[in-house]
Amino acid sequence: MKWFTYADPKIDDKEIMIIVPSMLIGGGILTFPRFVADETVGSDGWIVILIGGMLTLLVAWTVAKLATMFPNQSFLSYASAIVSKPVAVILTFLLGTISMLIASYVVRNIANTAKEYLFEQTPMEVIALTFLLVVIYAISSSRIGLFRLNMLFFPFIFLITIIIMLLNIKWFDFGDLLPMFQTSFTGYIKGTGSMITSYVGLGILLFYLALADRPKRAPKMVSIGVCIVMFFYFLVFITCIGVFGHAGTANLLNPTVELAKQVEIPGGIFERAEVVFYVIWIMAIFNTTTMAFDIAVLALHSIFKKANKMTFIFILSPLIYLISMIPENLVELNHFGTFVSYVSAGTTVFVTILLLIIAKIRGMKQVE
Amino acid sequence: MARSRFGRHKKQQQTKVEASFAIEIFKDIEQNIKNLNNMLDAPDDLMTREFTIGHGEQQAAIAYIDGLVDKELLQNNILENLQNLSVEQQSEEDVEAMFDKIYQTFISINKIKKGTTLDDISNGILSGNTVFYLDGIDAVLIMDIKGGETRAIEQPITETLIRGPRTSFVESIGTNISLIRRNIRAPNLRLKTSQVGRRSKNNLVLAYVEGIVNPEIVQEVSRRLETIDLDDAPESGFIEQWIEDSFLSPFPQMMDTERPDVVSSSLLQGKVAIILDGTPFVLIAPTTLGDILKSPEDYYERWLYGTLLRVLRYIGAFLALFLPAIYISLVSFHQGLLPSKLAFSIAASREGVPFPAFVEAMLMVITMELLQEAGVRLPTPIGQTIGIVGGLVIGEAAVQAGIVSPVMLIVIALTAIAAFTTPTFSLSISLRILRFGFMFAAAFLGLYGVILVYVMINIHLVNLKSFGVPYATPFAPTMLGDMKDLVLRAPRFMLMKRPEYLQTEDEKSANKGEK
């Protein structure tokens, strides 16, 4: 007899795979070609994307390995087993806080770009607030719902991006891709450094993989997820360089959105396709925000088990909103974003390696 | 998957009513008839006929409610037989032996049972049976000769097809079940009868095909059906609202249909049907979003046409939901989005319009809703007149008067037409409700608002369940196998499996699926 196992709050393989691109591809994709082109020459940015991706792949695989060493255990419980309860609580709290900061940054980021592309008069505060309210609605429903939303939205995001790339073929100039391999070594290092900000968010896997249906397959699925992201970034970057040239890409504020601006939809139904593109991209950014917010709630909830989930949502929402309002202008926001990205990436790597090494030293075997 | 909020409903009341009339029947026939009259307060339509068996002395009586029984059957197969018994046939000394003989031989009715309490009698009489008393016996015969006026089987009114069976359910549950039986001759078609309504005591049948359906679904549906505590259930909508998963959701979580072919094909897919006496609308559960956008015609026509229809329907649902909202946001927020020529012509056509786009759109959408409602309420010939008067005259006049722009009129007309492509009426209601939500969002935040509301609806959909089955499946949780029959309708030979999301016991719907 079969049972409705798929209706249970478990994440299956496909959903794990999609978590990664849903989290990683957020606001970053709108701007990253600029950062990368800043540091590299010609089309060499793809190497940077590749290196960044490979590093991310390594981290993702390690995180998944760690999480699946203790299948179906929450982060707090296996971290407690490895490094004692108080340290585990601190680590959980740290990861939760960083997640919250990511959520704040993304909320502010979307409000800023939405103001730029969609509105003339509507204040940024209102845009951020409405977005945050929808995010809160998603989080206060079931957690498994978030993964299903990823599954629902990802095809849209994927398709619209591919369509934008295809419609840009007309302007694509292979000559712009040259010269190749002219970037200096420091250029690659710097480029990778800034590229990493677009690969941030893997920390959520430490928490979410506890819900995995078949934990053994998680490392593989996560790796495929990172490859999807790499492919995505590669495609976008090459198209940007091919269409705008290197100098153009480096000087545009949001090169990816500008790509959409170039598009002339056959038949001329829409004149400014970037609005449509951007509106659909809101779904991608929404996924990033919900998961970041949800991890903050999950982390707190695992520390204070007795409290209601809604309590944390009510505490965190105003915090996220207020923090997102702190940066006064675009420059500050970018600093904030870079800061959050590096801290998040650093913490994830640090925590994962710390736990993994201590677990190895203490001779912990894979728990069944 | 069980939602416990149904469990709380008052169980105590039920037992109180059931315990009330368990009075024994007396041997004295006069006393019995008096009791019956007392209980029902001797209504005019309660017919009691006292007579003697054959030509002898033995007293007997029948009781029934006028209008609920088939009088011809009563006359020919019961009264005549009993009154014309010859002397030797009724020579039995013992009254009890005579009662048995009458039960076994003389009454030529195929459905007959014995009753021993006053409750049996009243229930029997009130649900259209005829009761036979024999003096000196403390039991009765309850004979099923239900009759009375019923409607003939006609064409379905709300779900018309170009190609497909022309039968529709009627108000009589017996006829409805026979219509399903005619489609499914499988011996393991199960029909579980129960009664709903504390006072109406309506028959309700839960139908499913054992060996296909997942037993968990049947269990859950029966569990929820048992909690029903209503006075009366005149329409299956009462049942639906009692057992649905979320009463706050704008989406229908069960499908209602008046087509026997839809019911039988759903049963064979592994769903259950709930048939209620007195209504032609049968409920089908569980239902997903994909299911309510399907029409039986998609399968009756060849797959290319079926696919075209499906795609059209999805486009229709999209337009019905979004079109007015997109118009509002384009006109009031994102004028630059439109090609300049179109933007100019829209601006020119809105020249004299005194209202903002949102008010303009609301005016027209509400007018359209009013027209639709008026058309439904009025008798058919007048209803059509309303359509013409409303649609053409008001529309034309509103444009002439400069209250709305012609583009707005096109948008509304297109929305209305798109909404009518939805195959299920209950879904088109949800779309109508949600359309207002989108329009408000568009008025406040333009396309940004529209996409946020769209995200919200998706959040709701992924959290909604219909009898434990996620409502948004096979979109999410994604079932690639079921995608073949969702937006597209794959050719027949590719649809060899029952829907994966129903987790049926027997997965294959054709022999060819075996490998």
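Scroll up for the structure.
These numbers were taken from a predicted model, which means no experiment stands behind them.

What counts, and at which threshold
- Residues numbered from 1 in each chain as written.
- Chains lettered and ligands numbered in written order.
- Predicted model: local features only at pLDDT ≥ 70, side-chain atom pairs only at ≥ 80, totals over all residues.
- Heavy atoms only, no water.
- Helix = DSSP H or I, 4+ residues; strand = E, 2+ residues; numbered from the N terminus.
- Rg over C-alpha atoms; globule rule 2.2 N^0.38 Å.
- Buried < 20%, exposed > 50% of the residue type's maximum accessible area, 1.4 Å probe, protein only.
- Contact = heavy atoms within 4.5 Å.
- Areas by Shrake-Rupley, 256 points an atom, 1.4 Å probe, with all protein chains shown as cover.
- Lys, Arg positive; Asp, Glu negative; His and termini not counted.
- Charge placed at Lys NZ, Arg CZ, Asp CG, Glu CD.
- Core = buried A, V, L, I, M, F, W, Y, C linked by side-chain atoms within 4.5 Å.
- Domains from an automatic or database assignment.
- Phe/Tyr/Trp six-rings, centres within 6.5 Å; stacked < 30°, edge-to-face > 60°.
- Patch = residues over 30% accessible without salt bridge, like charges linked within 9 Å, V, L, I, M, F, W, Y side chains within 5 Å.
- Salt bridge = Lys/Arg side-chain N within 4 Å of Asp/Glu carboxyl O.
- Axes fitted to C-alpha atoms, helices over the stretch in contact; angles between N-to-C directions.
- Parallel < 35°, antiparallel > 145°, perpendicular 65-115°, else oblique.
- Left-handed = near helix turned anticlockwise from the far one by under 90°.
- Nonpolar A, V, L, I, M, F, W, Y, C, P; charged D, E, K, R; others polar.
- Buried area = accessible area lost by both parts, 1.4 Å probe.
- Pairing = 2+ DSSP bridges.
- Polar contact = N/O pair within 3.5 Å; in protein donor to acceptor, adjacent residues only side chain to side chain.

Asks: I tried to follow the overall build of chain B on my own but got confused; where do I start?
Replies: Tallying secondary structure elements over chain B gives 17 helices and 12 strands in all. Computed over the C-alpha atoms, the radius of gyration of chain B is 30 Å, more than 25% above the 24 Å expected from 2.2 N^0.38 for a compact globule of 515 residues. Dimensions of chain B, computed from C-alpha atoms along their principal axes, come out at roughly 105 × 65 × 45 Å. Taking all 515 residues of chain B together, the buried fraction comes to 50%. Across chain B, the fraction of contacts at a sequence separation of at least 24, relative to all contacts at a separation of at least 6, is 67%. Here chain B has roughly 24,400 Å² of accessible surface; of this, 58% comes from carbon and sulfur atoms. Each charge class in chain B was averaged separately, 48 positive and 59 negative side chains, and the resulting centres sit 11 Å apart.

Asks: What is the right way to look at the environment of B:L225 in this model?
Replies: Residue and element names in this part refer to chain B. Here L225 is to be found in helix α7 (residues 215-226). For the pair formed by L225 and S264, sequence separation is 39 residues and the distance between their alpha carbons is 21 Å. Ignoring sequence-local partners within four residues, the contact set of L225 consists of L204, L206, I239, I243 and I274.

Asks: Just to check I follow, could you spell out unusual backbone geometry for this structure?
Replies: Where the residue is not glycine, phi is negative for most of them; where a peptide bond is considered, it is trans in most cases. Residue and element names in this part refer to chain B. Looking along the chain, the bond that leaves T473 and enters P474 is cis, with omega of 0°. Note on placement: P474 falls in the segment after β12 (469-470). Cis peptide bonds are those with omega within 30 degrees of zero, and the linkage from A476 to P477 qualifies with 0°. In this fold, P477 is placed in the segment after β12. Although it is not a glycine, A42 adopts a positive phi angle of roughly 40°. For A42, the location among the structural elements is in the loop between α2 (29-40) and β1 (46-52). A positive phi angle, close to 50°, is found at Q503, a residue other than glycine. Looking at the secondary structure, you find Q503 in the segment after β12. Judged by relative accessible area, which is 11%, Q503 ranks as buried.

Asks: Before we go on, may I ask you to explain the nonpolar core in this structure?
Replies: As a rule of thumb, nonpolar side chains are buried together in soluble globular proteins. Ranked by size, the top nonpolar core spans 217 residues in total, and within it A:F75, A:F131, A:Y208, A:F286, A:F293, A:L355 and B:Y448 carry the most contacts. With 21 residues, the single largest contributor to this core is helix α12 (residues 273-303) of chain A. Composition of this core by domain shows at least three residues from each of domain 2 (173-287) and domain 3 (299-470) of chain B. When neighbours within four sequence positions are excluded, A:L355 is seen to be in contact with A:L66, A:F75, A:Y78, A:A79, A:I82, A:V83 and A:L91. In this structure, B:V213, B:L225, B:L230 and B:L283 belong to the second largest nonpolar core, which totals 26 residues.

Asks: Looking at this structure, how should I read the packing of aromatic side chains?
Replies: Aromatic ring pairs: the centre-centre distance and the angle between the two ring planes describe each pair. Under the counting rule described, the total for this entry stands at 27 aromatic pairs over all chains. Judged by centre distance (6.1 Å) and plane angle (75°), the rings of A:Y105 and A:F336 are edge-to-face. Of this pair, A:Y105 sits in helix α5 (residues 85-117) while A:F336 is found in helix α14 (residues 330-361), placing the two residues 231 residues apart along the sequence. Relative to B:F132, the ring of B:F51 has its centre 6.5 Å away and its plane inclined at 40°; by these criteria the two rings are tilted. Of this pair, B:F51 sits in strand β1 while B:F132 sits in strand β4 (residues 130-134), placing them 81 residues apart in sequence. B:F132 sits in the buried class, given a relative accessible area of 0%.

Asks: Help me understand a nonpolar patch on the surface in this model?
Replies: Residues and elements named next belong to chain B. On the surface, a cluster of nonpolar side chains totalling about 410 Å² of accessible area is made up of I162, Y305, L308 and L312. Locating Y305 in the fold gives a position in helix α12 (residues 303-332). The partly exposed category is assigned to Y305, whose relative accessible area is 35%.

Asks: Explanation requested: the packing of helix α1 (residues 13-24) of chain A against helix α7 (residues 143-167) of chain A in the structure shown.
Replies: If you want to describe how two helices pack, look at the angle between their axes and the distance between the axes. All names here are of chain A. Contact pair α1 / α7: the axes reach a minimum separation of 9 Å and the direction vectors enclose 75°. Classified by the angle their axes make, α1 and α7 are roughly perpendicular. Side by side, α1 and α7 meet where K14, E15, I18, I19, P21 and S22 of the first sit next to I144, F147, R148, N150, M151 and F154 of the second.

Asks: Would you mind showing me how to read the packing of α1(A) against helix α10 (residues 218-251) of chain A here?
Replies: Residues and elements named next belong to chain A. At a closest axis distance of 8 Å, the pairing of α1 and α10 adopts a crossing angle of 40°. Classed by the angle they form, the pair α1 and α10 counts as oblique. In the crossing of α1 with α10, the sense of the turn from one axis to the other is right-handed. On α10, the residues touching D13, I16, M17, V20, P21 and L24 of α1 are A218, M221, V222, I224, G225, V226, I228, V229 and Y233. Residue composition of the contact of α1 with α10, by class: 13 nonpolar, 1 polar and 1 charged.

Asks: Got a minute to help me understand the interface of chain A and chain B in this structure?
Replies: Accessible area lost upon the coming together of the parts is a frequently used measure of interface size. Counting residues at the interface gives 37 residues for chain A and 40 residues for chain B. With both chains or domains summed, chain A and chain B bury close to 3,700 Å², and 70% of this area falls on carbon and sulfur atoms. Where chain A packs against chain B, one counts 0 salt bridges. In terms of residue count, α7(A) provides more of the side of chain A that touches chain B than any other element does, 7 residues in total. Among the residues forming the side of chain A that touches chain B, the class breakdown is 25 nonpolar, 6 polar and 6 charged.

Asks: I tried to follow the sheet that holds β1(B) on my own but got confused; where do I start?
Replies: Each strand in a sheet pairs with its neighbour through backbone hydrogen bonds, running either in the same direction (parallel) or in the opposite one (antiparallel). Residues and elements named next belong to chain B. A sheet is described by the order of its strands in space; here 5 strands give the open sequence β1-β2-β4-β5-β3, paired in antiparallel fashion. Strands at the two margins of the open sheet, each flanked by one partner only, are β1 and β3 (112-115). Across the sheet, the axes of successive neighbouring strands diverge by a mean angle of 20°, strand direction being ignored. Two strands pair when backbone bridges link them, and β1 and strand β2 (residues 59-65) are joined in this way by 7 bridges, in the antiparallel orientation. By the bridge assignment, M47 is partnered in β2 with Y64. The strands touched by α2 are β1, β2 and β4; relative to β1, the strand with the most contacts, the crossing angle is about 175°. Here helix α5 (residues 118-126) sits on the sheet and contacts β1, β2, β3, β4 and β5 (140-143); the angle it forms with β2, its principal contact strand, is near 50°.

Asks: What is the right way to look at the side chain of B:E159 in this model?
Replies: Residue and element names in this part refer to chain B. Note on placement: E159 falls in the loop between β5 and α6 (173-183). No salt bridge forms around the buried E159; measuring N to O, its nearest opposite-charge neighbour R259 is 5.4 Å away. Within polar-contact distance, the side chain of E159 engages the side chain of T257 at 2.9 Å. Once residues within four sequence positions are removed from consideration, E159 is found in contact with D256, T257, E258 and R259.

Asks: Help me understand the pattern of salt bridges, please; the structure alone is not making it clear to me.
Replies: Side chains that carry opposite charge are capable of pairing whenever their charged atoms lie near each other. All names here are of chain B. Inspection of every chain in the model, using the stated rule, returns 30 salt bridges over all chains. Two residues, R224 and D245, come together in a salt bridge whose shortest N-O distance is 3.0 Å. On the criterion of sequence distance, the pair formed by R224 in helix α7 and D245 in the loop between α8 (236-243) and β8 (255-257) is long-range, its members being 21 residues apart. A salt bridge links R377 to E373; the shortest N-O distance between them is 2.7 Å. Placement of the pair is R377 and E373 together in helix α14 (residues 357-377), with a separation of 4 residues, close to one helical turn. If you follow the salt bridges from partner to partner, you end up with K271, D291, K294, D298, R310, R313 and D485 in one network.

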